[in-house]
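A closer look at the structure
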Amino acid sequence: VTKHVLDGVDVLSPGSLQYTEVDGVGVCVGRTASGDLFAIEDECPHEAASLSDGELIGDEVECPLHASRFDVRTGEVRCLPARVPARTFPVELVDGVAWVNV
Amino acid sequence: MTTSLHDTTASGLGSAEAYDHLIPEDCIQITGYEEAVEVYRNLSFGQVVDGGTFPFRGGTILRIDGAPHHQRRKTMSALVKRDGHTWFREHVLVPTTERLVRELRCNPDDDGLVRCDFAVFARQIFIDLSSALVGLNPIESPEQADDLVDLVDGIFGVLSLRWQLGDKDAVVRRGAAARDGFDERFYRPALERHRQMLAEVDAGTRDAEDVPKDLLTLIAAHADVGWMEPDLGLRETMLLLNASLDTGAVILVHALHEAFQWFDSHPEDEALKTDPELLLGIVNETLRLHPVGEAFFRRALEDVTLRSGREVQKGQLVALRSGIASRDASIYGPDADQFNPRRAVPAGNVYPYGLSFGTGVHMCLGLPIILGMEGPDGSHVHLLQVLLDAGIRPDPDHPARPRDEIDRDMYESFPVILPGP
């Protein structure tokens, strides 16, 4: 696990998602309505769909293809048909810079 | 009464392998669960249109791949995801079922019992849901409902042409007439109503929230660029209407049959007749052992080597034998052929309902309606609760009869009885 700077998240508005690649790993970065940043693997563990192409509903990200939902903090499955949780990556803000552990 | 596979197959064919004669000889057959999942998920395999069915489903969501499919799937998923499936279930399916059961119980025979054919009744339940899902105009009379069911049945014949026995030309002729009738009497009037509603929204005389969230709203709004082609909207509507009606009703009949058998052979579970977890197990096992499609076909878009080492050449047709794969003992255990609503499935991406919905990007759109968000909140658990709570049971004097003009696991007739009011 290594720390990487997350670029461009300062312009990420509440409720939005953004695709980024960190060390060769596709990551869906988002900001909840309350302003918290999170990072979850971009590829839906159910099917090859990009979660950053989906929607953020509260603390859950919804896959655009089959509507599986995952808790953005834990990766836990909140709605079928996915059965495997998504990986999540800790995000921390240090002196205004966002870091993600991948 | 036993719960063997033979007894749980409407057609009496006894095993999924009995469908072998319907699979083209030049086709690679995939029967293992993991290999089937691998092919379902491999984008190097594309969809196939059976000869003669293009006017019925060519260019629809089930028959396109790649970016156009991804876009349309996103658009159509909006109908059933999130609160969509809840709305259709709570506002259409359950009230319709409760009303139909109530009406049925008002006319008991002299012995105080009500008799009906559940194979027909299940279609009555799902015709309302399917009509609402696509956005047909409200059905105004029993005759109109019968007309619609008859047209859908004619279209269904062509959509399931591969499995039809007997004169396939006659099936296609009936289907073509049904397609024209559906277009004229149901599709075009409903599409015009939706166009009018959208025009009113544009003119500021109607609130956008008042426009129903159904397929015809999406088609009228050209929410997918493909629907600019007029005939494709008709084909998409026929497909969704059939898929919803056929899948929902056929599975419900099987689920009720399996529930009857389970509670008959497990009297200790009598008190759990409306228990959502046990009923979910019954629905899952029903789906696993009675897949809507015994086989789904794909064509290799390029040369592919599967993880097993199996080589598939570009252009090769592959039959994904969902029925056999869903009974794969290496996944579901040595008793995979048996019905067990308390079956434990391995952790990971193994579906308790087998490959009944397929998997991969083309996984069945209607899954959220049937299984809800978590399973017990799906339509079929609710429907079984309503029906079993009403005291429905098999008619001992009139055995169920499989549908004989088609080689599929479905009933022509399933007589049941209920206590009167």
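Notes on the structure in this doc start here. Along every chain, residues carry numbers that run from 1 in the direction the sequence is written. Chain letters start at A and ligand numbers start at 1, both assigned in the order the entries are written. Only residues with pLDDT of at least 70 get local features here, since the model is predicted, and only at 80 or more are side-chain atom pairs given and counted; chain-wide, interface and lining totals rely on the full set of residues. Each side-chain value is worked out from all heavy atoms of the structure, with water and hydrogens disregarded.

Some words on the packing of helix 6 (residues 118-134) of chain B against helix 7 (residues 142-159) of chain B
The relative placement of two packed helices is expressed as an angle between their axes plus a distance between the axes. Residue and element names in this part refer to chain B. Short version of the rule: Between the N-to-C directions of two axes lies an angle of 0 to 180 degrees, each axis being a line fitted to C-alpha atoms and, for a helix, fitted only over the stretch in contact. Under the scheme used here, helices are H or I runs from DSSP no shorter than 4 residues and strands are E runs no shorter than 2 residues, and both carry numbers assigned from the N terminus. When describing relative orientation, an angle under 35 degrees is termed roughly parallel and one over 145 degrees roughly antiparallel, while 65 to 115 degrees is termed roughly perpendicular and anything else oblique. Contacts are assigned to residue pairs that have any heavy atoms within 4.5 Å of one another. Residue polarity follows a fixed list, in which Ala, Val, Leu, Ile, Met, Phe, Trp, Tyr, Cys and Pro are nonpolar, Asp, Glu, Lys and Arg are charged, and the others, Gly among them, are polar.
Running from N to C, helix 6 and helix 7 point in directions that differ by 85°, and their axes come no closer than 11 Å. What the angle tells us is that helix 6 and helix 7 run roughly perpendicular. Within the contact between the two elements, helix 6 uses Arg123, Ile127 and Ser131 and helix 7 uses Leu148, Val149, Val152 and Asp153. For the contact of helix 6 with helix 7, the class distribution of residues is 4 nonpolar, 1 polar and 2 charged.

Side note on the sheet that holds strand 4 (residues 296-300) of chain B
Residue and element names in this part refer to chain B. Note the cut-off: Paired strands are those between which DSSP finds at least two bridges.
Here 4 strands make up an open sheet; going across it, the order is 1-7-4-2 and the pairing mixed. Each edge of the sheet is formed by a strand with only one pairing partner; in this case those strands are strand 1 (28-30) and strand 2 (45-46). Taken together, the 4 bridges between strand 4 and strand 7 (residues 317-320) define a ladder with antiparallel strand orientation. Bridge pairing in strand 7 places Arg298 opposite Val318. Docked against the sheet, helix 2 (residues 33-41) engages strand 1, strand 2, strand 4 and strand 7, running at close to 125° with respect to strand 7.

Things to note about empty space enclosed by the protein
Residue and element names in this part refer to chain B. Inclusion rule: Of the two site types, the cavity is a set of points on a 1 Å grid over the protein atoms alone where a 1.4 Å probe fits but cannot get out, and the pocket is an open set with protein on both sides within 12 Å along at least five of seven lines, each lined by residues with an atom within 4 Å of a point. Grid points are joined across faces, edges and corners, and a volume is the space filled by probe spheres set on the points.
This model, assessed by the stated rule, comprises 4 cavities of 30 Å³ or more. The space that makes up the largest cavity amounts to roughly 1,000 Å³. Every residue lining the largest cavity is counted, 49 residues in all, and those nearest its centre are Leu62, Ala243, Thr247, Val292 and Phe296. Elements represented by at least two residues in the lining of the largest cavity include exactly helix 4 (66-77), helix 6, helix 7, helix 10 (230-265), strand 4 and helix 14 (367-371).

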